[in-house]
Amino acid sequence: MARINSEIAYRAALARIDELLPLVNEETPITDKNYIELDLISTLVEEYEEEHYPIGKPQLVDVIKLRLYEMGLTQAKLAKMLGISTSRVSEILNGKAEPTMKVGRELSRQLNIDPAVVLGV
């Protein structure tokens, strides 16, 4: 199968996907030419993006900060939820300290963070 070999070809493929999306929906038969073309181009774009725009594993600190924002929590509120000092929360968020297993468990439970992210796996 062909590959996307340049940024220009990648941008053209994205533009074509934008054109095809309104023509295909969940009820479109898999034998429809637009469905087939969208499927092929999407696969090519996915392969290009995996190579040129890889998405790394989320860092725990970034996930915690995102959840704090989403939940409208402050560091002080998080400290109270976790049963630790605000200075300890600050150290964790600044990368100066790692959470203990107990704190990690509470982070996972209280902020609904995947345990694999907490453990860094």
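Further up the page is the structure itself.
Let me begin by describing the structure that accompanies this report. Note that the structure is a prediction, hence the values are computed from the model and not measured.

1. Brief notes about the overall build of the chain
Check the secondary structure of the chain and you find seven helices and zero strands. For the chain, the N- to C-terminal ordering of α and β elements is α-α-α-α-α-α-α. The C-alpha radius of gyration computed for the chain amounts to 22 Å, which surpasses the reference 14 Å derived for 121 residues by more than 25%, pointing to a less compact arrangement than a globule. Dimensions of the chain, computed from the C-alpha atoms along their principal axes, are close to 60 × 30 × 20 Å. Counting all 121 residues of the chain, 31% fall into the buried class. For the chain, the accessible surface area stands at approximately 8600 Å², while carbon and sulfur atoms represent 55% of it. Taken together, the 14 basic and 19 acidic charged side chains of the chain have centroids lying 15 Å from each other.

2. Some thoughts on the nonpolar core
Ranked by size, the top nonpolar core spans 18 residues in total, and within it I64, L78, L107, L111 and I113 carry the most contacts. Looking at this core, the elements that each hand over two or more residues are α3 (60-71), α4 (75-82), α5 (86-93), α6 (101-111) and α7 (115-119). With four residues, the top contributor of residues to this core is α3. Discounting chain neighbours no more than four positions away, the residues touching I113 are L60, V63, I64, R67, L107, S108 and V118. Counting 11 residues, the second-largest nonpolar core is a separate cluster that includes I4, A13, I17 and V24.

3. Quick word on the pattern of salt bridges
Within the structure shown, the criterion is met by seven salt bridges. Among the salt bridges present, the one from E7 reaches R11, with a minimum N-O distance of 2.9 Å. Within this pair, E7 and its partner R11 are both found in helix α1 (residues 7-20), separated by four residues, close to a single helical turn. Overall, R11 belongs to the partly exposed group, its relative accessible area being 49%. Between R109 and E106 there is a salt bridge, with its nearest N and O atoms 2.9 Å apart. Of the two residues, R109 and E106 both sit in helix α6, three residues apart, roughly one turn of that helix. Residue classification places R109 among the exposed residues on the basis of a relative accessible area of 57%. Several salt bridges share partner residues, and in doing so they unite R16, E19 and E37 into one network.

4. Structural notes on the packing of α1 against helix α2 (residues 33-52)
Running from N to C, α1 and α2 point in directions that differ by 145°, and their axes come no closer than 10 Å. As α1 runs across α2, the sense of the crossing is left-handed. Taken together, the residues of α2 that come into contact with α1 (itself represented by E7, Y10, A13, L14, R16, I17 and L20) are N34, E37, L38, I41, S42, V45, Y48 and E49. Looking at side-chain class alone, the contact of α1 with α2 contains nine nonpolar, two polar and four charged residues.

Analysis parameters
- Residues numbered from 1 in each chain as written.
- Predicted model: local features only at pLDDT ≥ 70, side-chain atom pairs only at ≥ 80, totals over all residues.
- Heavy atoms only, no water.
- Helix = DSSP H or I, 4+ residues; strand = E, 2+ residues; numbered from the N terminus.
- Rg over C-alpha atoms; globule rule 2.2 N^0.38 Å.
- Buried < 20%, exposed > 50% of the residue type's maximum accessible area, 1.4 Å probe, protein only.
- Areas by Shrake-Rupley, 256 points an atom, 1.4 Å probe, with all protein chains shown as cover.
- Lys, Arg positive; Asp, Glu negative; His and termini not counted.
- Charge placed at Lys NZ, Arg CZ, Asp CG, Glu CD.
- Core = buried A, V, L, I, M, F, W, Y, C linked by side-chain atoms within 4.5 Å.
- Contact = heavy atoms within 4.5 Å.
- Salt bridge = Lys/Arg side-chain N within 4 Å of Asp/Glu carboxyl O.
- Axes fitted to C-alpha atoms, helices over the stretch in contact; angles between N-to-C directions.
- Left-handed = near helix turned anticlockwise from the far one by under 90°.
- Nonpolar A, V, L, I, M, F, W, Y, C, P; charged D, E, K, R; others polar.

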